[in-house]
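So you can see what is in the structure, the chains are spelled out below.
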Amino acid sequence: MSNLRAAITAVNGYVPDDELTNFDLEKMVDTTDEWIRSRTGIETRHILKGEGKGASDMAVPAVEGLLKKRGIDASEIDLLICATVTADYVFPATANLICDRIGAKKAWGYDLSAACSGFLYALETGRRMIECGQYKKVVVVGVDKMSSIIDYTDRTTCIIFGDGAGAVLLEPTTEEVGIIDSILRSDGSGFDYLHQKAGGSVLPPTHETVDNRLHYVYQEGTTVFKFAVVNMAEVSYEVMERNNLTGDDIQWLVPHQANKRIIDATANRMGLDPERVMLNIQRYGNTTAGTLPLCLHDYESQLKKGDNIVLAAFGGGFTWGAIYLKWAYDPS
Ligand code: UT7
């Protein structure tokens, strides 16, 4: 076993300018700002507008800003992993399109589909690529243009989601920082409660699938909520416990931003005060694979080298998990 660890050495985020506030949604479906805020914690979300724009149009500025912050050239990237469920195209992978547009000529890359846990799965995969010693610079992107698969006549789902992207750079280190442990899980029987019915090989697009609104997110929210509360909290507690950490040892919880009530339940289980829980759901809603890196981006200036951080997510699949890391750098 090598003593190399994968450390996050830079982070960046991007959300489009256009906003869809709770008050805008009040005019579109039978809902209220009060209901949305009290049931989810969301106040507004950002939406990528414009013909012909896709996930890569958010991922590219996120990654370009990342490279600029670290002061490296795109040609230095070895590998780019893009977590998304709203890829630009069925194929080729959005990772390939991002690499082309940023000029990462020596990189290979691929997309990873794990819905709201996509960034966690991709981070674990990127970590292992670094630890094997062959790759020195791995970019992990989490991006989703959820507005492309949301039914804005369905008040139970359209209020939650937004568009956004975040990216981190992973590099090897022999210091006592970086990614230390992970617990990742999946349970395909969760399909029934959260999925997109058409557009895949089971139900390719037809006039009928479009007419029946089958290309949108289908979610049985209350059931998903119950699974999320239990599993996200349990796995976060488990990763803490097996690394001999108590709530007092954790500086930050970085939770998936789907519903503030799920986040609160996880923080409670871990024994964390609200001040140590990253929260930006009020501004972005649930950007699926984008939530975790967007949190790191927003809180970057408060993170110190050696901080113990737990990232946790739950989402479609079902997929869920938690990653424990020590932050690798001080604010600049
Ligand atoms: O990120 C990936 C995984 N996804 C999640 O983690 C999402 C998990 N689920 C949730 O966050 C919540 O289930 C929702 C926010 C989607 C819904 O909240 P809820 O507290 O579970 O509400 P509910 O679906 O049980 O509905 C409660 C009531 C119902 O009315 P009745 O039957 O009690 O009269 C709904 O029809 O609220 C009604 N309702 C709404 N009312 C106003 C549902 N959506 C809305 C709405 N505005 N937007």
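Note that the structure is a prediction, hence the values are computed from the model and not measured.

Calculation criteria
Residues numbered from 1 in each chain as written. Predicted model: local features only at pLDDT ≥ 70, side-chain atom pairs only at ≥ 80, totals over all residues. Heavy atoms only, no water. Pairing = 2+ DSSP bridges. Helix = DSSP H or I, 4+ residues; strand = E, 2+ residues; numbered from the N terminus. Axes fitted to C-alpha atoms, helices over the stretch in contact; angles between N-to-C directions. Contact = heavy atoms within 4.5 Å. Buried < 20%, exposed > 50% of the residue type's maximum accessible area, 1.4 Å probe, protein only. Polar contact = N/O pair within 3.5 Å; in protein donor to acceptor, adjacent residues only side chain to side chain. Core = buried A, V, L, I, M, F, W, Y, C linked by side-chain atoms within 4.5 Å. Domains from an automatic or database assignment. Near = heavy atom within 4 Å. Areas by Shrake-Rupley, 256 points an atom, 1.4 Å probe, with all protein chains shown as cover. Salt bridge = Lys/Arg side-chain N within 4 Å of Asp/Glu carboxyl O. Buried area = accessible area lost by both parts, 1.4 Å probe. Nonpolar A, V, L, I, M, F, W, Y, C, P; charged D, E, K, R; others polar.

Asks: Can you lay out the sheet that holds strand β7 (residues 163–173) for me, pointing to particular residues and giving the numbers?
Replies: Read across the sheet, five strands follow the order β1-β7-β6-β4-β5 without closing on themselves; strand pairing throughout is mixed. Two strands in the sheet have a free side with no partner beyond their single neighbour: β1 (5–14) and β5 (108–112). Taken over all neighbouring pairs, the strand axes of this sheet differ in orientation by 20° on average, direction set aside. Pairing geometry for strand β4 (residues 79–83) and strand β6 (residues 138–145), over five bridges, is parallel. When the bridges of β6 are listed, L79 appears paired with V138. Seen against the sheet, helix α4 (residues 94–102) touches β4 and β5 and runs at an angle of roughly 130° to β4. In the packing of helix α11 (residues 291–299) onto the sheet, the strands contacted are β1, β6 and β7, and the crossing angle to β1 comes to about 85°.

Asks: For the side chain of N308, give the residues involved together with the corresponding values.
Replies: Counting through the fold element by element, N308 comes out in strand β12 (residues 308–315). In this structure N308 comes out as buried when scored by relative accessible area, which is 8%. From its side chain, N308 meets the backbone oxygen of D249 in a polar contact 3.0 Å long. Excluding residues within four positions of it along the chain, N308 makes contact with L245, D249, I250, Q251, W252, Y324, L325 and K326.

Asks: Any chance you could break down the nonpolar core for me, citing the residues and the numbers?
Replies: Judged by nonpolar contacts, the single largest core of 40 residues is most densely connected at V138, L296, L311 and W327. A per-element tally of this core places helix α5 (residues 118–131) first, with seven residues. There are two domains that each give this core at least three residues, and those are domain 1 (5–176) and domain 2 (179–326). L311 has contacts with F119, L120, V254, L292, L296, G321, A322, I323 and L325, leaving out every residue within four places of it along the chain. Listed in part, the 39 residues of the second largest apolar core include V29, V235, V277 and A322.

Asks: Let's hear about the site of the ligand: which residues, and what values?
Replies: Of all residues adjacent to the ligand, which total 23 residues, the nearest are T31, R39, R155, N259 and N286. Between an oxygen atom of the ligand and a side-chain N or O atom of R155, the distance comes to 2.9 Å. Contact distances for the ligand include 3.0 Å between an oxygen atom and a side-chain N or O atom of H256. Notes on the ligand: free accessible area 940 Å², of which the protein chains cover 74%. If you list the elements that add at least two residues to the shell around the ligand, you get α2 (33–40), α6 (155–158), α8 (221–241) and α9 (260–270).

Asks: Break down the pattern of salt bridges for me, with residues and values.
Replies: Summed over all chains, the structure comprises 18 salt bridges. Here R37 and D33 are joined by a salt bridge, their closest N and O atoms 2.6 Å apart. Note that R37 and D33 are positioned in helix α2 at a spacing of four residues, about one turn of the helix. Using a relative accessible area of 37% as the deciding quantity, one classes R37 as partly exposed. Exposure remark for D33: the relative accessible area of 8% places this residue in the buried category. We note a salt bridge from R101 to D57, for which the minimum N-O separation is 3.2 Å. With R101 in helix α4 and D57 in helix α3 (residues 56–70), this pair connects stretches of sequence that are 44 residues apart. Classification of R101 by relative accessible area gives partly exposed; the value is 42%. Salt bridges linked by common partners bring E124, R127, R128 and E131 together as one network.

Asks: Can you break down the environment of Y218 residue by residue, with the values?
Replies: In this fold, Y218 is placed in strand β10 (residues 217–219). Note on Y218: relative accessible area 31%, which makes it partly exposed. As a C-alpha pair, Y218 and R39 span 179 residues in sequence and 19 Å in three-dimensional space. Leaving out residues up to four positions away in the same chain, Y218 has contacts with D192, Y193, L194, H195 and K197. A polar contact is formed between the side chain of Y218 and the side chain of E220, at a distance of 2.5 Å.

Asks: Describe in detail the domain arrangement of the protein chain, supporting the description with residues and values.
Replies: One can read the domain layout of the protein chain as domain 1 (5–176) and domain 2 (179–326). Placing the centre of domain 1 and that of domain 2 at their C-alpha centroids yields a distance of 14 Å. On the side of domain 2, 48 residues touch domain 1, which itself brings 53 residues to the contact. Across the interface of domain 1 and domain 2, roughly 4,000 Å² is buried in total on both sides, 60% from carbon and sulfur atoms. Three residues stand out in domain 1 for area buried against domain 2, namely C116, L120 and Y121, and they jointly supply 17% of the buried area on that side. Counting the contacts that link domain 1 with domain 2 gives three salt bridges. D151 serves as the salt-bridge partner of R213, at 2.9 Å between the closest nitrogen and oxygen. The interface formed by domain 1 and domain 2 contains 20 residue pairs in polar contact (both at pLDDT 80 or more). Those elements that provide at least two residues to the side of domain 1 that touches domain 2 are β1, α2, β3 (44–46), α5, β6 and β7. Classifying every residue of the side of domain 1 that touches domain 2 gives 25 nonpolar, 15 polar and 13 charged.

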